[in-house]
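# Summary of structural features
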Amino acid sequence: MEITRRSLLAALSATGLLAVIPAQPATAAGVAAASTRLMANTVAAFAGTAESNSRPETAAKLAAVDKVARTNLRAMDSAGPGELFAGLVLGSNEANLNSAFQRLYEIALATCTPPGATPSDLYGNTVAQRRVLDGLRWLHDHYYGDQSKGYYGNWFYWEIGLAQHISRTLVLLADEVRAYRPDLAQTYVASMDAYLRNGIDGDVNLDSRFHTGANLADITTNRILQGALLGDEARIRKALTDQLTVFTTIDPYHLDHGVTDGYYADGSFIQHASVAYTGSYGKGLLTRVVQTLKILDGTGFAHGEELVPTVRSWVQNGFAPLIFEGWMMEIVKGRAVSRPDSGYTDVAVVVEAVVDLASLASGADAAALNSYVKHIRSTSRGTLDPGRFVSPVSVVRYADIIGDPAVPAKDLNAAARSVAFNAMDRNVHRRPGYAFALARSSDRISKYEYMSGENLMPWFQGDGAYYLYLSGQDQSQAYGVDYFTTVSPYGLAGVTAPVEHRRTVPDLYGKPYYDNPGHPLNFTSSSESQNTYVYFPRGTDQRSGGAVLGAYAAAGMVQSGDVADRDRHLLPDDFVVYRNATATKSWFLFDEEIVVLAAGVGDPAGRAVTTTVDARTAAPGDQVSLTGMLRGGRPWSGAGTGDLAWLRYANTTQRTAVGYVFLDTPQVRVSLDEVTRSRRVVRTSNPDTAVTRAVLGVTVDQDPGSEPVRIAYALVPNAGGTQLASYPNGPLRVLANTPRLQAVSHTGLGLRAANAFTPGRHEVAGLRMDGPASVIVQRRGHRGPTTVAVSDPTMGRDTVGVLIRGRSLRKVSSDDGVRVSPAHGGTRVDVDTRHAYGRSFTVTLRD
């Protein structure tokens, strides 16, 4: 049974929400004491304590805090007329105003950070603190206090970013604020309220699309701090009540305030209504709620321990599958894939949150989280620098976990795990030695995310693009920003694309968005039309999903155009629309193989089409080799086009290899080219840094006007040549590969798996399916049990029926909603899929 937002909120404790926020307001003295404790917790969270900062592990962090503050003070010293910091022009650039507030916060932080072994004359420095407060007053008088002149540019800065720096600065310097500028906190809080223009009367609006998910957590945390500054319990209670909504699981069939942003029952996380976003906004939300639990500790404003198990489940089911050897997978990063920070940097942020969450947890939960931290550290090829943690206290906790011999390194994932994040159209398949990550799209989930000059060439990132992470490799050499920089956007691994040249949004329109406020669709930088057609357009086909049976999975998708192509008759004449190629695709995820089927691959418009089997990158100095076998049995090596039976790519330097077995595929073109491009081609604000990679392309080409084709191949991670040569007589069989039905079998595993895409009856290999369905059947041995998994890939069917031909079988066990009955020619399995949102239902049968 699916968990709704309301029922999960009630499940936080026996008495629901009242167990998290005390029902009775505190006395005036109690509010004052609790506010003081909350602010002290906040100072400790960001500045550390005398105890934490005396530890040698914090030395690098403290030095960095001190250095940044001194740099900012020098910039204040050299500021010219009309400047607060030298060279920082204010008045029309909201990012610069944000930088000004951030620099003031950084100075304030240094004055509140207890020094370690090296004394600092900034600690407790009243002169520096008053310079910060004077700076706040100056910014308010000239660039912030007049709301009629503010709120230009990006809404995020005005409602979240600026308020975050301001609120933290005022909390850090609360004593000096009261002594030196007692009106400053109230003045700023009033202005921050006025800038909540997507709210109601200066407060959060839970019905606003701007006040959801990670954004809501940021806004409400700011308001909690502001309430503590003012001793305003009502403000704190309201902010906490609003923030609690992010802890509840999204029920797509009973939306609360119409919000689709947040965590789903299958571990998915969505932001911006339709973007798979665990690796960016999701980690931001995780960080913010853990910080909130830390600052609330001991205040009495809320019982945060009631929330810890919920956040722990996010880590295990939402984050852990997406982290491979310390690297955050590309499939959940949205536009952040174009940023120069690596997947290792992303995971360091998650690690700090997990470290702090473990300190708030108890018993088995705390032990599991501590072991997971050590597991990430022990398997990561990246350097996890705790000096970049936000809190010195977190640095110390991390050091204690890593240094404790009693804490074993243990993954939260099973060694073999397959996860269908169907709510966000993603799959992750993990085995010892590799992980496979797949990005799908549909009429529910965006094809990609572009915004603000980030991820400039994203067009096919949700069209079945996949990433094969190999164990032991430095993943920054295989993926990350340099993958998208050097690999053609039309040639991402797994992608079928028309052969054409597409232009980026800034190139098309001369700015990072399409501007046409006079049109009925009202295109402005943050309008709903901009989101729908430019920033994160969805597909137009509902058929995207799949089933999971134990550690095995099947996934399928009908590739579609985006909503702009569908709605081109509604759009302005100068709005540029691109049309997609067509394909129906399935991915069958086994132990040693990932089998990929594609049917109806082509283009009704008659363009040439390419389908990329794989695209891999390597450092230009790596020793890379390509070997294979033609279908006639002759050896093959190097690049070129051929009728290949199999191909092996090996990077001797990285000690990695991938095999490609072509089960039913036209001729394949293999290329290995050295590519040099600037990182700026994928993000306008990236440094103009040229990167060079040796880029492998394994591609099936179709000429203009050609008939649709079918393609079937298997990826074999870490394969040797002898293993690949055995596949012509091996365990894999393609049972069907059409736009209606795709199916394979694996005799070694006793598995049959099928994806049906269309209405009507589908028959294959002893299975009959009625209408669209994803089905996996496994039987080990002649007398062993038969296990079946069924899922609705459309998310809209009430029931899915499957007939298993052969002897009549009886039900041994099953999930709720599964009915088994004898039928002519076999055993009928009917599954109640109504409101299951793609969840797999399993049943075990016996003779």
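Predicted, not measured: the structure shown is a model, and the values here were computed from it. (Residues numbered from 1 in each chain as written. Predicted model: local features only at pLDDT ≥ 70, side-chain atom pairs only at ≥ 80, totals over all residues. Heavy atoms only, no water.)

### Side note on the nonpolar core
- Counting residues in hydrophobic clusters, the biggest one holds 221 residues, and the most contacted among them are Tyr 188, Phe 436 and Phe 575.
- Sequence-distant contacts of Tyr 188, defined by excluding residues within four places in its chain, comprise Phe 101, Leu 136, Leu 139, His 140, Tyr 144, Ile 166 and Leu 170. (Core = buried A, V, L, I, M, F, W, Y, C linked by side-chain atoms within 4.5 Å. Buried < 20%, exposed > 50% of the residue type's maximum accessible area, 1.4 Å probe, protein only. Contact = heavy atoms within 4.5 Å.)

### A word on the sheet that holds strand β11 (residues 544-549)
- The nine strands are arranged β11-β12-β13-β14-β23-β20-β19-β16-β17 in an open sheet whose pairing can be described as antiparallel. Because the sheet does not close on itself, it has two edges, and the strands there are β11 and β17 (635-637). Shown here is a sheet whose adjacent strand axes are inclined to one another by a mean of 15°, direction ignored.
- Alignment of β11 against strand β12 (residues 552-559), held across six bridges, turns out to be antiparallel. Residue pairing for β12: Ser 544 is matched across the bridge by Met 557. (Pairing = 2+ DSSP bridges. Helix = DSSP H or I, 4+ residues; strand = E, 2+ residues; numbered from the N terminus. Axes fitted to C-alpha atoms, helices over the stretch in contact; angles between N-to-C directions.)

### Observations concerning the pairing of strand β25 (residues 741-746)
- Of all six residues making up β25, six are buried, and the element is well covered by its neighbours.
- Burial of β25 is two-sided: the residues Leu 741, Ala 743 and Ser 745 facing one way and the residues Gln 742, Val 744 and His 746 facing the other way are all buried.
- In this sheet, β25 lies alongside strand β24 (residues 732-737) in antiparallel orientation, the contact comprising five bridges. Bridging across to β25, Ala 736 finds its partner in Ala 743.
- Count of turn residues in the β24/β25 antiparallel hairpin: three residues.
- Relative to strand β26 (residues 751-756), β25 is paired through six bridges, and the arrangement is antiparallel. From the neighbouring strand, Ala 743 faces β26, where its bridge partner is Ala 754.
- Following β25, the chain reverses through four residues before pairing antiparallel with β26; Gly 750 in that reversal takes a positive phi of roughly 65°.

### Some words on the pattern of salt bridges
- Applying the stated criterion to the full structure yields 56 salt bridges.
- Among the ionic pairs, Glu 57 bridges to Arg 55, the shortest N-O distance being 3.1 Å.
- When its relative accessible area of 36% is taken as the criterion, Glu 57 is described as partly exposed.
- Residues Arg 130 and Glu 176 are paired through a salt bridge, measuring 2.6 Å at the closest nitrogen-oxygen approach. One end of the pair, Arg 130, is in helix α6 (residues 126-144); the other, Glu 176, is in helix α8 (residues 174-180), with 46 residues separating them in the sequence. (Salt bridge = Lys/Arg side-chain N within 4 Å of Asp/Glu carboxyl O.)

### So, the sheet that holds strand β21 (residues 668-678)
- On the basis of which strands lie adjacent, the open sheet formed by five strands has the order β10-β15-β22-β21-β18 and antiparallel pairing. Of all strands in the sheet, those bounded by a partner on one side alone are β10 (496-498) and β18 (640-642). Neighbouring strand axes in the sheet, compared pairwise and without regard to direction, differ in orientation by 35° on average.
- Across nine bridges, the pairing between strand β15 (residues 609-618) and strand β22 (residues 690-702) is antiparallel. By the bridge assignment, Arg 616 is partnered in β22 with Leu 696.

### Thoughts on the environment of Ser 840
- Here Ser 840 is to be found in the loop between β34 (826-832) and β35 (841-846).
- In this structure Ser 840 comes out as buried when scored by relative accessible area, which is 16%.
- Measuring from C-alpha to C-alpha, the distance between Ser 840 and Gly 510 comes to 46 Å, with 330 residues separating the pair along the chain.
- Those residues in contact with Ser 840 that lie beyond four places of it in its chain are Gly 546, Ala 547, Val 548, Val 790, Ser 791 and Asp 815.

### Observations concerning the packing of aromatic side chains
- Taken as a whole and judged by the stated rule, the model has 40 aromatic pairs.
- Centre to centre, the rings of Phe 324 and Tyr 469 are 6.4 Å apart; their planes meet at 40°, and the pair counts as tilted. Here Phe 324, found in strand β4 (residues 323-324), pairs with Tyr 469, found in strand β9 (residues 465-470); they are 145 residues apart in sequence, far enough to count as distant. In terms of burial, Phe 324 and Tyr 469 fall into one category: buried.
- Every member of this aromatic cluster is reached through a ring pair, and the members are Phe 101, Tyr 144, Tyr 151, Tyr 152, Trp 158, Tyr 188 and Tyr 195.
- It is Arg 103 that lies over the ring of Phe 85; its NZ or CZ is 5.4 Å from the centre.
- A cation sits over an aromatic face here: Arg 839 above Phe 841, 4.3 Å from the ring centre. (Phe/Tyr/Trp six-rings, centres within 6.5 Å; stacked < 30°, edge-to-face > 60°. Lys NZ or Arg CZ within 6 Å of the ring centre and 35° of its normal.)

### Points about the packing of helix α4 (residues 59-77) against helix α5 (residues 94-112)
- It is the contact of α4 with α5, at a shortest axis distance of 8 Å, that shows an interaxial angle of 125°. As judged from the angle between their axes, α4 and α5 are oblique. Remark: the crossing between α4 and α5 carries left-handed chirality. Judged by residue contacts, Val 65, Val 68, Ala 69, Asn 72, Leu 73 and Met 76 of α4 engage Arg 103, Leu 104, Glu 106, Ile 107, Leu 109 and Ala 110 from α5. (Parallel < 35°, antiparallel > 145°, perpendicular 65-115°, else oblique. Left-handed = near helix turned anticlockwise from the far one by under 90°.)

### With respect to unusual backbone geometry
- If you check the backbone angles, Asn 455 has positive phi at about 60° while not being a glycine.
- Judged by relative accessible area, Asn 455 falls into the buried class, the value being 2%.
- For Arg 655, which is not glycine, the phi dihedral falls at a positive 60°.
- Checked against the element boundaries, Arg 655 lands in the loop between β19 (644-651) and β20 (656-664).

### Points about the confidence of the model for the protein
- The predicted model of the protein averages 95 in pLDDT, with 98% of residues at 70 or higher.
- Contacts from residues 1-15, a stretch scored under 50 in pLDDT, to residues over four places away or in other chains number 30 contacts. (pLDDT = per-residue confidence, 0-100.)

### Some thoughts on the environment of Ala 690
- If you trace the backbone, Ala 690 turns up in strand β22.
- In this structure the C-alpha to C-alpha distance between Ala 690 and Arg 680, which are 10 residues apart in sequence, comes to 8.6 Å.
- Apart from residues lying up to four places away in sequence, Ala 690 is in contact with Thr 676, Arg 677 and Ser 678.

### Concerning the side chain of Gln 291
- Here Gln 291 lies in helix α12 (residues 278-296).
- Taking relative accessible area as the criterion, Gln 291 reaches 13% and is therefore assigned buried.
- In this structure, Gln 291 is in contact with Phe 46, Arg 168 and Val 390, ignoring residues within four places of it in sequence.

### Let's talk about the pairing of β21
- Looking at chain direction, β18 and β21 are connected through three bridges and run antiparallel. Looking across to β21, one finds that Gly 640 is bridged to Val 670.
- Summarising the sheet, β21 and β22 pair through 10 bridges and their orientation is antiparallel. Residue pairing for β22: Glu 674 is matched across the bridge by Ala 694.

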